[in-house]
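A look at the structure
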Amino acid sequence: MKQVLQNERGMALAIAIVALVIVGALIAGAFFSGTQEQRVAENVRRVQASFGVAEEGVYDVIRGWSNPVTKGRYAGLYPYPAFAPARDTVRFGTTTSASKTGSYSGLMYKLSDELYMIDMTAQDTMSLAGRIRGGGASQRLGLLARIRPVMINTQAAVTSGGANVVAGNASIDGTDHVPAGWAGCPPLDSTKAGIRTQTDATVATNGHPTLIGNPPVLKDPTLADSSFTRYGDVSYDQLAASATITVAAQNFSNSISPVVAGTTCNTAVLTNWGSPTNPTGPCGAYFPIIHITGTGAVINGQEGQGILLVDGSISVQGGFQFFGITIIRGSIKTAGGGGTPAHFWGSVMAQDTVQFSDTTNNISGNANLLYSKCAIIKALNKTGVGSMMRSRGWVQLY
């Protein structure tokens with residue numbers, strides 16, 4: 001026994017070594033687990049940062065929609081997929097977020113005149129720098145945006161706040177008309193009034209004019225001055241401030257016509273108001289808001305579409321055609337026409353405000369003022385601003 005006890009010397013060192021190995025393994029496991037947790041947390045943080053940047057990119061598009069240049073660019077798209085890819089998609093270049101936490105880029109597709117889809121991809125700063133093993137994180141977000149049009153109350157071919165004289169071979173027709181060659185129009189609307197006026201306004205006729213509507217002349221006690229200057233939550237001044245084109249009153253002699261550079265509509269030209277008679281052409285989808293400042297404007301050819309705002313009075317001669325909504329603070333006069341009569345497709349609103357010396361609308365010659373629900377709807381949809389869907393309109397894309 002004494003010899004056996006003598007052979008147990010050095011056991012403490014062996015036990016200490018075993019203990020160090022076990023403790024080292026525990027520490028290594030703890031470090032490994034902690035490192036994994038840290039990497040997972042960093043990945044989650046980068047994913048969330050990328051998601052936040054993608055959200056910022058999507059909502060930046062919504063916030064910037066009211067810019068006249070931007071709005072015209074979006075409205076000028078054709079529904080996806082179009083015959084030319086560059087005309088149904090807007091590409092957003094790489095943009096750094098306001099918080100400097102990442103960058104985003106993406107595309108926007110026009111699904112219809114009322115519906116758009118924004119496809120935005122973003123990465124956080126570290127992932128963009130390429131310092132993350134495996135490529136880092138990115139998030140792709142899709143958002144459906146619906147157009148919020150201006151709420152303009154159009155209940156007649158012509159809405160007037162003052163006296164009216166309809167003469168010659170002019171025609172004012174409240175029957176719904178679809179412009180030739182236009183696609184995607186809603187079902188025909190019920191027949192509207194030909195002329196809608198305030199109860200104390202007069203409508204006189206000379207010659208052989210035509211007044212068609214249900215009724216041909218409507219005396220509306222609810223029609224007030226505010227009907228010409230307030231459209232839901234938008235005023236005339238606010239609508240004019242968002243105009244795509246602003247020009248001073250002048251004699252537009254055959255200068256209003258579409259301008260095309262190659263296969264692209266040149267919207268930088270102030271006398272390019274779209275091409276309603278060629279709806280499938282390069283300028284067929286261009287519906288600007290045109291604001292004519294001052295009074296005494298004269299238009300003699302050729303064509304335009306969208307929303308036309310006139311601060312004063314206007315005289316329309318020759319064969320000028322406008323498709324959409326026309327709002328005039330003063331009065332309107334038409335003359336001439338011949339073989340190419342002056343046309344207004346949609347709805348015309350003339351306030352005849354007393355600040356102008358002549359408060360009588362004179363519709364004469366061969367002018368045709370026709371109610372068109374299709375022209376009104378397209379003008380409102382293509383000049384409205386984008387807004388989020390009331391319910392969830394976004395989704396993560398992969």
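Above this text sits the structure in question.
Report follows, based on the coordinates.

**Considerations on the overall build of the protein chain**
The helix and strand inventory of the protein chain stands at seven helices and 27 strands. Here the protein chain has a C-alpha radius of gyration of 33 Å; the compact-globule value for 398 residues is 21 Å, and the former is much larger. Counting only C-alpha atoms and orienting by the principal axes, one finds that the protein chain spans roughly 145 × 45 × 35 Å. For the protein chain, the proportion of its 398 residues judged to be buried stands at 45%. At a minimum sequence separation of 6, the contacts of the protein chain that also span at least 24 residues come to 61%. Of the accessible surface of the protein chain, which amounts to about 19000 Å², a share of 57% is contributed by carbon and sulfur atoms. Charge separation in the protein chain, taken as the distance between the mean sites of 28 positive and 23 negative side-chain charges, equals 11 Å.

**Brief notes about the packing of aromatic side chains**
Taken as a whole, this structure holds 12 aromatic pairs when the rule is applied. Their ring planes at 25 degrees and their centres at 6.4 Å tell us that Phe320 and Phe322 sit as a pair that is stacked. Each member of the pair, Phe320 as well as Phe322, carries the same accessibility label: buried. Through a chain of ring-to-ring contacts, three or more aromatic side chains come together here, namely Phe252, Trp273, Phe320, Phe322 and Phe344. The residue whose ring lies beneath Arg329 is Tyr236, and the NZ or CZ to ring-centre distance is 5.0 Å.

**Some words on the pairing of strand 24 (residues 360-363)**
Only one face of strand 24 is covered, namely the face carrying Asn361 and Ile363; the face carrying Thr360 and Asn362 is uncovered. In terms of strand pairing, strand 6 (residues 163-166) meets strand 24 through four bridges, oriented parallel. Its bridge partner lying in strand 24, Asn164 is registered against Asn361. The pairing of strand 22 (residues 332-335) with strand 24 spans two bridges and is parallel. Within strand 24, the residue paired with Lys333 across the bridge is Asn362.

**Structural notes on the environment of Thr277**
With respect to the element layout, Thr277 can be found in the loop between strand 17 (264-265) and strand 18 (289-293). Distance in space between the C-alpha atoms of Thr277 and Asn362 is 26 Å, their sequence separation being 85 residues. When residues no more than four places from it in sequence are discounted, the contact partners of Thr277 are Glu303 and Gln321. A distance of 2.6 Å separates the side chain of Thr277 from the side chain of Glu303, its partner in a polar contact.

**Remarks on the nonpolar core**
One finds Trp273, Ile292 and Ile314 to be the most contacted residues of the largest nonpolar core, which totals 60 residues. Of all the elements, strand 19 (residues 297-310) adds the most residues to this core, at six residues. The residues contacting Ile314, other than those within four sequence positions of it, are Ile292, Ala297, Ile299, Ile328, Ser331, Ile332 and Lys333. Grouped together as the second largest cluster of nonpolar side chains are 22 residues, Tyr104, Tyr116, Met120 and Ala122 included.

**Re the state of the cysteines**
If you walk through the whole model with that rule in mind, you get two disulfides. Through a disulfide, Cys185 is tied to Cys374; the S-S separation comes to 2.0 Å. Where Cys185 bonds to Cys374 through sulfur, the torsion about that S-S bond is close to -65 degrees, and the disulfide is left-handed. With Cys185 in the loop between strand 7 (171-173) and strand 8 (193-197) and Cys374 in helix 7 (residues 373-383), the pair connects residues that are 189 residues apart, well separated along the chain. With relative accessibility at 24%, the residue Cys185 sits in the partly exposed group. By sequence-ordered numbering of the bonded cysteines, the protein chain has its disulfides arranged as 1-4, 2-3.

**Some points on helix 2 (residues 11-63)**
Under the 1.5 Å per step criterion, the end-to-end length of helix 2 is 77 Å for 53 residues, consistent within 8% with the ideal 78 Å. Arg46, Ser50, Phe51, Val53, Ala54, Glu56, Gly57, Val58, Val61 and Ile62 are the residues of helix 2 that are buried.

**Some thoughts on helix 3 (residues 68-75)**
Along helix 3, the residues classified as buried are Lys71, Gly72, Tyr74 and Ala75. Angular distribution of buried residues about the axis of helix 3 spans 165 degrees; they occupy a single face of the element.

**Some points on a nonpolar patch on the surface**
Taken together, the side chains of Leu13, Ile17 and Val21 present a nonpolar region at the surface, about 300 Å² in accessible area. By the secondary structure assignment, Ile17 is in helix 2. Among the residues examined, Ile17 registers a relative accessible area of 47% and is labelled partly exposed.

**As for the pattern of salt bridges**
All told, the structure shown has 11 salt bridges when counted by the stated rule. Linking Arg140 and Asp119 is a salt bridge whose minimum nitrogen-to-oxygen distance equals 2.6 Å. Taken together, the residues Arg140 in strand 4 (residues 139-148) and Asp119 in strand 3 (residues 115-124) connect sequence positions 21 residues apart. The exposure class assigned to Arg140 is partly exposed, which follows from its relative accessible area of 33%. The class of Asp119 is buried, set by a relative accessible area of 7%. Close ionic contact of Arg196 with Asp220 constitutes a salt bridge, the shortest N to O distance being 2.9 Å. Of this pair, Arg196 sits in strand 8 while Asp220 sits in the loop between strand 11 (217-219) and helix 5 (226-229), placing them 24 residues apart in sequence. When its relative accessible area of 3% is taken as the criterion, Arg196 is described as buried. Residues joined in a network through salt bridges with shared partners are Lys110, Asp113, Lys378 and Lys382.

Conventions used here
- Residues numbered from 1 in each chain as written.
- Predicted model: local features only at pLDDT ≥ 70, side-chain atom pairs only at ≥ 80, totals over all residues.
- Heavy atoms only, no water.
- Helix = DSSP H or I, 4+ residues; strand = E, 2+ residues; numbered from the N terminus.
- Rg over C-alpha atoms; globule rule 2.2 N^0.38 Å.
- Buried < 20%, exposed > 50% of the residue type's maximum accessible area, 1.4 Å probe, protein only.
- Contact = heavy atoms within 4.5 Å.
- Areas by Shrake-Rupley, 256 points an atom, 1.4 Å probe, with all protein chains shown as cover.
- Lys, Arg positive; Asp, Glu negative; His and termini not counted.
- Charge placed at Lys NZ, Arg CZ, Asp CG, Glu CD.
- Phe/Tyr/Trp six-rings, centres within 6.5 Å; stacked < 30°, edge-to-face > 60°.
- Lys NZ or Arg CZ within 6 Å of the ring centre and 35° of its normal.
- Pairing = 2+ DSSP bridges.
- Polar contact = N/O pair within 3.5 Å; in protein donor to acceptor, adjacent residues only side chain to side chain.
- Core = buried A, V, L, I, M, F, W, Y, C linked by side-chain atoms within 4.5 Å.
- Disulfide = S-S within 2.5 Å.
- Expected span 1.5 Å × (residues − 1).
- Arc of directions from axis to C-beta.
- Patch = residues over 30% accessible without salt bridge, like charges linked within 9 Å, V, L, I, M, F, W, Y side chains within 5 Å.
- Salt bridge = Lys/Arg side-chain N within 4 Å of Asp/Glu carboxyl O.

Just distances and angles here, no functional claims.
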